[in-house]
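Breakdown of the fold
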Amino acid sequence: MTSVFQRALGADFDRLHPALRRRFGVDGDNDLGCVGTGVMDRIWRGPLFTAPFLRLGTLRHVLFPETGVDIPFTIENWAYTDTYGRPTLTFVRTFDVAAHRRRRFDATMVWSPRRRVLIDYLGTHQHLAVELHLGVDAAGGLTIRSGAQRFRGGVPCPGELSGEANLREWYDDRAGRFRIEVSVTNPRFGPIFGYSGSFTVGYVPSGEAPVPAAVRPLRENPGD
């Protein structure tokens, strides 16, 4: 099976750094999963008025208001076919933001054959669908920019409620680690949320273990 990132990037997939090609090549056939552990050098948020909105996101494992430095985290990528027959890859990030407190940021990335685009379904119930525009930079790093956003049922997300996400992930050969930078901004209110850090990964070969139920969404969005 071809990974969702191979489908989305096409020929550009081969331009990725070899470490990223394996990581984003997880397709369920060779590697069932890829589990990363590392440290966020910094997690930040926008002005104080953004905190209630971010706190609301914790109810569905989308965003959270805590900030800090040197925060341990894990990222779990598991490949499977969802109940609608679509190739899917989980992105479940867990942050140890404080003693005895963890925050999760759940997403499942699904390849849409009809739209010919990678769609990021956010949260435990996939209420929000975000089209993703992928690229490969000169260093073989992956870049992702969010595009059109729709609520469940295909209702467009108003600009005031939307956030433009920009991500860059690359491999640091000298350190032997993956590095990542993410920022989310709103066209009206400016910077909302972001983080930067690094991690190492381990792979779960196909057939060794099932996809953990805890990383699957509680409800799937059939799309439109």
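Given the structure is predicted, the values throughout are model-derived calculations rather than measurements. The numbering scheme is per chain: residues are counted from 1 as the chain's sequence reads. Local features in a predicted model are, by the rule used here, given only for residues with pLDDT of at least 70; side-chain atom pairs are given and counted only at 80 or more, and totals for whole chains, interfaces and linings are based on all residues. Values shown for side chains rest on all heavy atoms present in the structure; no hydrogens or waters enter the calculation.

What follows covers the nonpolar core. Counting 46 residues, the largest nonpolar core has Phe5, Phe95 and Phe193 as its most contacted members. Contacts of phenylalanine 95, omitting those with residues within four sequence positions, involve Met40, Ile43, Phe64, Ile71, Pro72, Phe73, Arg101, Arg102, Arg103, Phe105 and Tyr195. Among the nonpolar cores identified, the runner-up in size contains seven residues, and Leu32, Trp78, Val204 and Val211 belong to it. Take the buried Ala, Val, Leu, Ile, Met, Phe, Trp, Tyr and Cys residues and link them wherever side-chain atoms come within 4.5 Å; each set so joined is a nonpolar core. Three labels apply to residues, based on accessible area from a 1.4 Å probe with only protein chains included: buried if under 20% of the type maximum, exposed if over 50%, partly exposed otherwise in between. For this analysis, residues touch if any pair of their heavy atoms sits within 4.5 Å.

On the surface, Phe151, Val155 and Leu161 cluster together into a nonpolar patch covering about 260 Å² of accessible area. Labels follow the DSSP assignment, with helices taken as runs of H or I lasting at least four residues and strands as runs of E lasting at least two, numbered in each case from the N terminus. Tracing the backbone through its elements, the reader meets leucine 161 in the loop between strand S8 (155-156) and strand S9 (164-172). Here leucine 161 falls in the exposed class, since its relative accessible area comes to 52%. Only residues above 30% relative accessible area that lack a salt bridge enter a patch, with like-charged residues linked at up to 9 Å and the nonpolar side chains Val, Leu, Ile, Met, Phe, Trp and Tyr linked at up to 5 Å. For accessible areas, the Shrake-Rupley method is used with a probe of radius 1.4 Å. Any residue's cover is judged against the shown protein chains and nothing else. Throughout this description, the term salt bridge denotes a Lys or Arg side-chain nitrogen within 4 Å of a carboxyl oxygen of Asp or Glu.

Looking now at the pattern of salt bridges. All told, the structure shown has twelve salt bridges when counted by the stated rule. When the shortest N-O distance is used, the salt bridge between arginine 101 and glutamate 66 registers 3.1 Å. Of the two residues, arginine 101 sits in strand S4 (residues 101-112) while glutamate 66 sits in the loop between helix H3 (51-57) and strand S2 (68-81), which places them 35 residues apart along the sequence. Overall, arginine 101 belongs to the partly exposed group, its relative accessible area being 41%. Judged by relative accessible area, glutamate 66 falls into the buried class, the value being 13%. Linking arginine 102 and aspartate 96 is a salt bridge whose minimum nitrogen-to-oxygen distance equals 2.7 Å. Ionic contacts of the salt-bridge type, sharing partners, join the residues Glu66, Arg101 and Arg103 into one network.

Any functional reading would require information beyond the geometric quantities listed.
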